[in-house]
Amino acid sequence: MKSRVKATGIDKEHQEILLKVGQIPKHIAIIMDGNGRWAKKRGLPRIAGHHEGVNSVRDIVEVCGQLDVKYLTLFAFSKDNWSRPKKEVSLLMRLLLHAIRDERDKLHSNGVVLKTIGNISELPTAVQDELIEATEITKNNDGLILILALSYSGKSDITNAIKSISKKVADGKLDIEKIDDEIIKMNLSTKNYPDPDLLIRTSGEMRISNFLLWQIAYSEFYITNLLWPDFRRNALYQAIESFQSRERRFGMVSG
Ligand code: FPP
């Protein structure tokens, strides 16, 4: 699928170069970091950084659609983020609710399929309702699959997989010797998606922060010092250029 919003001008040129030079990653995952620092640098409250971060989300989603990226996973709220000050958590939840409500129709008309991973039942009911509605409305689209990781933790994902596999073994439905990579993958919340080809982290931190752990075994990493609210389409083009310059060997030797 191609996004129904076509690139024009300099964007079109830039995108055509990327498409000509090499492969566009099929699945991009992003740790969106640095909203608070972006706000602090401007003497603004942290929530102003999160607000501006939503504008980056909008831009990146649009460009991923145009480039025919098939899956985009965004780490929007981690399990650990619940330990932030109550006020920030509630403002973030409100921002999320409004962002989904405001963007839903545009996402739908652009062919985006909205999905979530993480413990959605921990979110406020109003946010859950908004997510359920948006995922329902967009479920039959054929465009970019946008996966929001919310109240997500890579360790919990693996722990849950171990529990469900163990239950199958205990119930006699699975032979322990049959447990392999594929069975583990099929018990993770990401079972319907391929592993990310490219993992981007903004704000210069060299950490995974409990994001996708199993799934990034062979992902290419791209870390930029840009803060998330400053990460817009040109920064994504650079990340893809860097991805295209790598040789992915998946543990094998060069051809
Ligand atoms: C990290 O910056 C960012 C977050 C914890 C939240 C990211 C959420 C958004 C951009 C809004 C999500 C909206 C949609 C529609 C998906 P930080 O607060 O950790 O920044 P800091 O490290 O500079 O303090």
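Reading the values: the criteria
- Residues numbered from 1 in each chain as written.
- Predicted model: local features only at pLDDT ≥ 70, side-chain atom pairs only at ≥ 80, totals over all residues.
- Heavy atoms only, no water.
- Near = heavy atom within 4 Å.
- Polar contact = N/O pair within 3.5 Å; in protein donor to acceptor, adjacent residues only side chain to side chain.
- Helix = DSSP H or I, 4+ residues; strand = E, 2+ residues; numbered from the N terminus.
- Nonpolar A, V, L, I, M, F, W, Y, C, P; charged D, E, K, R; others polar.
- Core = buried A, V, L, I, M, F, W, Y, C linked by side-chain atoms within 4.5 Å.
- Buried < 20%, exposed > 50% of the residue type's maximum accessible area, 1.4 Å probe, protein only.
- Salt bridge = Lys/Arg side-chain N within 4 Å of Asp/Glu carboxyl O.
- Axes fitted to C-alpha atoms, helices over the stretch in contact; angles between N-to-C directions.
- Parallel < 35°, antiparallel > 145°, perpendicular 65-115°, else oblique.
- Left-handed = near helix turned anticlockwise from the far one by under 90°.
- Contact = heavy atoms within 4.5 Å.
- Pairing = 2+ DSSP bridges.
- Right-handed = clockwise from strand over helix to strand, strands pointing away.
- Patch = residues over 30% accessible without salt bridge, like charges linked within 9 Å, V, L, I, M, F, W, Y side chains within 5 Å.
- Areas by Shrake-Rupley, 256 points an atom, 1.4 Å probe, with all protein chains shown as cover.

Participant: Tell me about the site of the ligand, residues and numbers included.
Facilitator: With respect to spatial proximity, 17 residues lie near the ligand, and among them Asp-33, Gly-36, Arg-37, Arg-46 and Arg-84 are the closest. In this structure, an oxygen atom belonging to the ligand sits 3.1 Å away from a main-chain N or O atom of Asn-35. The set of elements that each furnish at least two residues to the shell around the ligand consists of helix H2 (35-41), helix H3 (46-66) and helix H4 (86-109). Counting residues per element, the shell around the ligand draws most heavily on H3, at 4 residues. Class assignment for the residues of the shell around the ligand results in 7 nonpolar, 6 polar and 4 charged.

Participant: Outline the nonpolar core, listing residues and values.
Facilitator: If you look at the biggest cluster of nonpolar residues, it comprises 43 residues, and the most contacted ones within it are Ile-28, Ile-30, Leu-72, Leu-131, Leu-146, Ile-200 and Leu-236. Taken together, the elements giving at least two residues each to this core come down to strand E1 (27-31), H3, strand E2 (71-78), H4, helix H5 (125-138), strand E4 (145-152), strand E5 (198-201) and helix H8 (233-244). Counting residues in each nonpolar core, the second largest holds 15 residues, with Ile-117, Tyr-152, Phe-211 and Leu-212 among its members.

Participant: Give me the environment of His-27: which residues, what numbers.
Facilitator: By secondary structure assignment, the location of His-27 is in strand E1. With relative accessibility at 3%, the residue His-27 sits in the buried group. There is a polar contact of 2.7 Å between the side chain of His-27 and the side chain of Thr-73. Separated by 2.7 Å, the side chain of His-27 and the backbone oxygen of Pro-194 make a polar contact.

Participant: Tell me about the pattern of salt bridges, residues and numbers included.
Facilitator: Going through the model one piece at a time under the given rule, you end up with 20 salt bridges. Between Glu-88 and Arg-46 there is a salt bridge whose closest N-O contact spans 2.8 Å. Within this pair, whereas Glu-88 is found in helix H4, its partner Arg-46 is found in helix H3, the two being separated by 42 residues in sequence. Residue classification places Glu-88 among the buried positions, given a relative accessible area of 10%. Classification of Arg-46 by relative accessible area gives partly exposed; the value is 37%.

Participant: So what's going on with the packing of H3 against H4? Which residues, and what values?
Facilitator: At their nearest, the axes of H3 and H4 sit 11 Å apart, and the two run at 25° to each other. Accordingly, the angle class assigned to the pair H3 and H4 is roughly parallel. In terms of crossing hand, the pair formed by H3 and H4 is right-handed. Along its contact with H3, which presents Arg-46, Ile-47, His-50, His-51, Val-54, Arg-58, Val-61 and Glu-62, the element H4 presents Glu-88, Leu-91, Leu-92, Leu-95, Ala-99, Glu-103, Lys-106 and Leu-107. Broken down by class, the residue content of the contact of H3 with H4 amounts to 8 nonpolar, 2 polar and 6 charged.

Participant: Which residues make up the pairing of E4, and what values do they have?
Facilitator: The side chains of a regular strand alternate between the sheet's two faces. The buried count for E4 comes to 8 of 8 residues, which makes it a mostly enclosed element. Strand direction decides the pairing type here: E2 and E4, joined by 7 bridges, are parallel. Bridging from a neighbouring strand, Thr-73 pairs with Ile-147 of E4. Taken together, the 5 bridges between strand E3 (residues 113-117) and E4 define a ladder with parallel strand orientation. When the bridges of E4 are listed, Thr-116 appears paired with Leu-148. Each parallel crossover has a hand, and for E3 linked through H5 to E4 it is left-handed.

Participant: Explain a nonpolar patch on the surface residue by residue, including any values.
Facilitator: Taken together, the side chains of Tyr-218, Phe-250 and Met-252 define a hydrophobic patch exposed on the protein surface, amounting to about 350 Å² of accessible area. Within the fold, Phe-250 resides in the segment after H8. The exposure class assigned to Phe-250 is partly exposed, which follows from its relative accessible area of 42%.

None of this, on its own, says anything about what the molecule does.
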